[in-house]
Amino acid sequence: MIRFDQVGKRYPPDIDALTEVGFDIAAGERVVISGHSGAGKSTLLKLIAAIERPTRGSVLLGGQNIGALPRSALPFVRRKMGLVLQDQKLLFDRSVFDNVMLPLAITGFPPKEAALRVRAALDKVGLARREKALPIALSGGEQQRLAIARAVVSRPALLLADEPTAHLDHETATDVARIFEEFHRAGVTVLVATYDASLFPGARRIELVHGRLSS
Ligand code: ADP
């Protein structure tokens with residue numbers, strides 16, 4: 001499903017975030033990208049989501065070289081993924097329900113079917129009863145679960161999450177990690193970048209050290 005072939009990413013002027021990174025991830029796998037702060041974990045996820053392009057090598061998604069796609073094709077590619085990334089903020093002036101509805105509203109989903117899907121997604125992350133709340137009224141763990149519901153409402157085959165358990169206490173972090181486990185069991189390919197791989201026992205681990213795969 002995902003192939004990195006000799007991938008390098010250099011940010012201007014000369015920061016090598018990733019160097020000669022190569023791996024394959026099959027559909028249905030559950031993978032933890034681990035490594036120290038600054039190891040290149042976020043960059044790796046951004047290359048898969050085509051938010052950044054590789055400066056060397058290729059990133060293939062379903063056999064398609066996504067680094068070479070025209071900009072106009074990217075929203076279509078991204079729509080097939082669920083993204084829980086650092087810079088995708090919740091809308092704090094909209095209800096929980098509206099936050100999850102947004103991705104479907106953007107793609108012009110029929111409203112009735114969309115509402116059913118929103119409620120199903122909220123149910124999966126245990127927020128069914130909070131749909132009218134504003135995000136500010138939610139705890140940190142609930143806000144993270146809301147971000148996950150928004151990411152999965154389009155029923156993507158691939159779920160990417162960047163430090164989804166950061167800033168959460170251990171029990172809440174374990175709860176959030178369990179939600180990813182449930183999506184994996186339902187057949188979703190799950191990639192989580194985290195400094196704490198122990199929250200995802202049994203997952204395949206890809207470890208980065210200063211932008212390179214650790215051997
Ligand atoms: P991690 O997610 O493991 O903390 P990142 O992928 O965020 O690592 O960062 C890897 C390296 O690339 C770091 O040295 C970081 O400072 C640098 N970096 C990340 N994003 C940018 C950017 N947009 N411009 C310049 N340097 C960046």
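Scope of this entry: the structure provided in the associated data block. (Residues numbered from 1 in each chain as written. Predicted model: local features only at pLDDT ≥ 70, side-chain atom pairs only at ≥ 80, totals over all residues. Heavy atoms only, no water.)

**As for the overall build of the protein chain**
At step 1: Each helix and strand counted, the protein chain has six helices and ten strands in total.
At step 2: For a compact globule of 215 residues, the expected C-alpha radius of gyration is about 17 Å, and the protein chain comes in at 17 Å, within 12% of that figure.
At step 3: Every one of the 215 residues in the protein chain was classed for burial, and the buried ones make up 49%.
At step 4: Intrachain contacts of the protein chain at a sequence separation of at least 6 include 69% that bridge at least 24 residues.
At step 5: By element, 51% of the accessible surface of the protein chain is carried by carbon and sulfur atoms, the whole surface being about 10,900 Å². (Helix = DSSP H or I, 4+ residues; strand = E, 2+ residues; numbered from the N terminus. Rg over C-alpha atoms; globule rule 2.2 N^0.38 Å. Buried < 20%, exposed > 50% of the residue type's maximum accessible area, 1.4 Å probe, protein only. Contact = heavy atoms within 4.5 Å. Areas by Shrake-Rupley, 256 points an atom, 1.4 Å probe, with all protein chains shown as cover.)

**Things to note about the packing of helix H3 (residues 96-106) against helix H4 (residues 111-124)**
At step 1: The geometry of H3 relative to H4 is characterised by a closest axis approach of 9 Å and an angle of 120 degrees between their N-to-C directions. Compared by their axis directions, H3 and H4 come out oblique. Seen from above, H3 lies across H4 with right-handed handedness. Side by side, H3 and H4 meet where Val96, Phe97, Val100, Met101 and Leu104 of the first sit next to Pro111, Ala114, Ala115, Arg117, Val118, Arg119, Ala121 and Leu122 of the second.
At step 2: Of the residues contributing to the contact of H3 with H4, the split by class is eleven nonpolar, no polar and two charged. (Axes fitted to C-alpha atoms, helices over the stretch in contact; angles between N-to-C directions. Parallel < 35°, antiparallel > 145°, perpendicular 65-115°, else oblique. Left-handed = near helix turned anticlockwise from the far one by under 90°. Nonpolar A, V, L, I, M, F, W, Y, C, P; charged D, E, K, R; others polar.)

**Remarks on empty space enclosed by the protein**
At step 1: All told, the structure shown has one cavity of 30 Å³ or more when counted by the stated rule.
At step 2: The calculated volume of the largest cavity comes to roughly 40 Å³.
At step 3: Taken together, Arg30, Val31, Val32, Phe180, Glu181, Val190, Val192 and Phe200 make up the full set of residues lining the largest cavity.
At step 4: For the lining of the largest cavity, the elements supplying multiple residues, two or more each, are strand S3 (30-35), helix H6 (170-185) and strand S8 (189-193).
At step 5: Counting residues per element, the lining of the largest cavity draws most heavily on S3, which supplies three residues. (1 Å grid on protein atoms, 1.4 Å probe; cavity = no way out; pocket = protein on both sides within 12 Å on 5 of 7 lines; lining within 4 Å. Points joined across faces, edges and corners; volume = space filled by probe spheres on them.)

**Observations concerning the environment of Ala151**
At step 1: Residue placement: Ala151 occurs in helix H5 (residues 140-152).
At step 2: Of the residues examined, Ala151 reaches a relative accessible area of 7% and is grouped as buried.
At step 3: Along the chain, Ala151 and Leu85 lie 66 residues apart, while their C-alpha atoms are 9.5 Å from each other.
At step 4: When near neighbours in sequence (up to four residues on either side) are disregarded, Ala151 contacts Gly82, Leu83, Val84, Pro156 and Leu159.

**Describing a nonpolar patch on the surface**
At step 1: Taken together, Phe92, Leu134 and Ile136 make up a surface patch of nonpolar side chains, about 290 Å² in accessible area.
At step 2: Within the element layout of this structure, Leu134 appears in the loop between H4 and H5. (Patch = residues over 30% accessible without salt bridge, like charges linked within 9 Å, V, L, I, M, F, W, Y side chains within 5 Å. Salt bridge = Lys/Arg side-chain N within 4 Å of Asp/Glu carboxyl O.)

**Describing the pattern of salt bridges**
At step 1: Applying the stated criterion across every chain yields a total of eleven salt bridges.
At step 2: A salt bridge links Glu20 to Arg212, with the nearest nitrogen and oxygen atoms 3.9 Å apart. Here Arg212 lies in strand S10 (residues 212-213) and Glu20 lies in strand S2 (residues 15-25), a separation of 192 residues in the sequence.
At step 3: In this structure, the salt-bridge partner of Arg204 is Glu29, at a minimum N-O distance of 3.0 Å. Here Glu29 lies in the loop between S2 and S3 and Arg204 lies in strand S9 (residues 204-209), a separation of 175 residues in the sequence.
At step 4: On the basis of relative accessible area, Glu29 is assigned to the partly exposed category, the value being 21%.
At step 5: Here the residues in one salt-bridge network are Arg30, Glu181 and Arg185, joined through shared partners.

**Remarks on the layout of surface pockets**
At step 1: Its boundaries defined by the atoms lining it, the largest pocket holds a volume of some 610 Å³.
At step 2: What lines the largest pocket is a set of 21 residues, and nearest its centre among them are Arg78, Met81, Gln88, Pro103 and Ile106.
At step 3: Of all the elements, H3 adds the most residues to the lining of the largest pocket, at five residues.
At step 4: Taken together, the residues of the lining of the largest pocket sort by class into eleven nonpolar, five polar and five charged.
At step 5: Within this model, the second largest pocket holds a volume of roughly 400 Å³.
At step 6: In this structure, the second largest pocket is lined by 17 residues; those nearest its centre are Leu85, Gln86, Lys89, Gln144 and Ala147.

**Section: the site of the ligand**
At step 1: Near the ligand, the surroundings consist of Tyr11, Ile15, Ala17, His36, Ser37, Gly38, Ala39, Gly40, Lys41, Ser42 and Thr43.
At step 2: Within the backbone of Gly40, a nitrogen or oxygen atom sits 3.0 Å from an oxygen atom of the ligand.
At step 3: Between the ligand and Lys41 there is a distance of 2.8 Å, counted from an oxygen atom to a side-chain nitrogen or oxygen.
At step 4: If you list the elements that add at least two residues to the shell around the ligand, you get S2 and helix H1 (41-48).
At step 5: Examining the composition of the shell around the ligand, we find that three residues originate from one element, H1, more than from any other.
At step 6: Tallied by class, the residues present in the shell around the ligand amount to four nonpolar, six polar and one charged. (Near = heavy atom within 4 Å. Polar contact = N/O pair within 3.5 Å; in protein donor to acceptor, adjacent residues only side chain to side chain.)

That's the geometry; what it means functionally is another story.
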